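# Reading the structure
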Amino acid sequence: METIDYNGVTLHRWNCGPSTFLARIEQGARLMNWNLQMSDGSVRDVIHWPENADFNNFAKVRGGNPILFPFSARSFYAGEIGYWPDQHGTVRPMPKHGFAQVGAFNIVALNETGFTAELQPTEEDRKAYPYDYRFSVRYEFTELSLTVTLALENLDTKPILWSAGHHFYFTLPWREGSTRSDYRFKIPAKACYTHATNGSLVPVKPFEKDSSFGKSENSDRIFTKLNGELTTFGPNDGSEDVKMRIHQDTETASPENAVVIWTEFKDSPFYCVEPWMGPPNSAEHGKGLHTVEPGKRSSFTVEVSV
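Cut-off values and rules
Residues numbered from 1 in each chain as written. Predicted model: local features only at pLDDT ≥ 70, side-chain atom pairs only at ≥ 80, totals over all residues. Heavy atoms only, no water. Helix = DSSP H or I, 4+ residues; strand = E, 2+ residues; numbered from the N terminus. Contact = heavy atoms within 4.5 Å. Areas by Shrake-Rupley, 256 points an atom, 1.4 Å probe, with all protein chains shown as cover. Lys, Arg positive; Asp, Glu negative; His and termini not counted. Charge placed at Lys NZ, Arg CZ, Asp CG, Glu CD. Buried < 20%, exposed > 50% of the residue type's maximum accessible area, 1.4 Å probe, protein only. Phe/Tyr/Trp six-rings, centres within 6.5 Å; stacked < 30°, edge-to-face > 60°. Lys NZ or Arg CZ within 6 Å of the ring centre and 35° of its normal. Core = buried A, V, L, I, M, F, W, Y, C linked by side-chain atoms within 4.5 Å. Salt bridge = Lys/Arg side-chain N within 4 Å of Asp/Glu carboxyl O.

## Here's the deal with the overall build of the protein
The secondary structure content of the protein amounts to two helices and 28 strands. When contacts within the protein are restricted to residue pairs at least 6 apart in sequence, long-range pairs at least 24 apart make up 64% of them. For the protein, the computed accessible surface area is about 13,200 Å², with 47% contributed by carbon and sulfur atoms. Distance from the positive charge centre (30 side chains) to the negative charge centre (38 side chains) of the protein: 5 Å.

## A few points about the environment of Arg180
Along the chain, the position of Arg180 falls in the loop between strand E17 (169–171) and strand E18 (183–186). In this structure Arg180 comes out as buried when scored by relative accessible area, which is 12%. Considering only alpha carbons, one finds Arg180 and Lys266, 86 residues apart in sequence, at a separation of 8.9 Å. The contact partners of Arg180, leaving out residues within four places of it in the chain, are Leu172, Pro173, Ser212, Phe213, Gly214, Thr263, Phe265, Lys266, Asp267, Ser268, Phe270 and Tyr271.

## Thoughts on the packing of aromatic side chains
Counted under the stated rule, the structure contains 31 aromatic pairs. Here the aromatic cluster, defined as three or more aromatic residues joined through ring pairs, consists of Phe69, Phe71, Trp84, Phe99, Tyr129, Tyr131, Tyr133, Phe135 and Trp162. A cation over a ring is seen here: Arg24 above Phe58, with NZ or CZ 4.7 Å from the ring centre. Between the NZ or CZ atom of Arg30 and the centre of the ring of Phe58, over which it lies, the distance is 5.0 Å.

## Structural notes on unusual backbone geometry
Note that the residue after Phe69, namely Pro70, is joined by a cis bond; omega there is 5 degrees. Considering the arrangement of structural elements, one finds Pro70 in the loop between strand E6 (67–68) and strand E7 (76–77). Omega for the peptide link from Leu172 to Pro173 comes to 5 degrees, which places this bond in the cis form. Residue placement: Pro173 occurs in the loop between E17 and E18. One non-glycine residue, Ala78, lies in the positive phi region at around 50 degrees.

## Here we look at the nonpolar core
In this structure, Phe69, Tyr129, Tyr133, Phe135, Leu146, Trp162 and Phe170 are the most contacted members of the largest nonpolar core, which totals 65 residues. In terms of residue count, the dominant contributor to this core is strand E13 (residues 133–141) (five residues).

## Description of the environment of Asn7
Looking at the secondary structure, you find Asn7 in the loop between strand E1 (2–6) and strand E2 (9–16). Judged by relative accessible area, Asn7 falls into the exposed class, the value being 70%. Each C-alpha atom, one on Asn7 and one on Ala151, is 32 Å from the other, the two residues being 144 residues apart in sequence.

## Structural notes on the pattern of salt bridges
For the structure on display, the rule yields 13 salt bridges. Put simply, Arg13 and Glu2 hold a salt bridge, and the shortest N to O gap is 2.7 Å. Here the residue Arg13 occupies a position in strand E2, and Glu2 occupies one in strand E1, the gap between them amounting to 11 residues. The shortest N-O distance in the salt bridge between Arg184 and Asp241 comes to 3.1 Å. With a gap of 57 residues between them, Arg184 in strand E18 and Asp241 in the loop between strand E23 (230–235) and strand E24 (242–248) connect regions that are remote in the sequence. Classification of Arg184 as buried rests on a relative accessible area of 10%. Asp241 gets classed as buried once you look at its relative accessible area, which sits at 13%. When salt bridges with common partners are traced through the structure, they connect Glu118, Arg134 and Glu153 into a single cluster.

Structural data, given as structure tokens:
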């Protein structure tokens, strides 16, 4: 592990065999890039990071793995975006994807295989999520994989609700001369939704859980009721697959865990494959909403390997 100064910004880099991982820990606990040295000497970006990234507007950069906490995507109350109701009906503000992706983190552990960082909530964050808690992000790196754990410890005297997730920007396509139509995904889901403008979930019937990234209608779909923990995606010939596995503890294990796929434009150099604890707007409709009791700790762990 080494520390890098990039125009006054502190970055951390890990070299693990053929893999190199780059992170900006103190802002968003953000994994920025994962690249892989191939046997022919070429370099493959597994996790996309744009070369022209604006570090002065870091939260808006389309790359890396933004952390989504306490809720993923858009929150609603009675059709109005930007709010969430707690279990007692109290309605509070909530920005899209929560506030951790733009939050300040303190490093609590740092070594040759990864790091652990703890969120430092602001006063505005506390208005949106007024609980006493400890939220941490732990990354562990190996030669051909990463494992990331989101952990929420309830230090309060009342239960806390959450439904967090990841926003992995995977480089796709990654083979020279290929297009999205040359890549497919396999998600072990029994249900699929889209997210309506009023926050409700709209079922997609029928849907394909083994399909192509080249089909534009697949973008922004929410796959849930997973009947397996392993999602795979890669070239149509089955080689160079990326494997994503959700490891669940007793509190976050749920059939409502979800995998969301999304991209911005038809020619974007990335496609997001996002493991979430539940569909968006979980606080309102209850699907994938998880509770941490006082004095308890809950975690959501995802492993990505190549």
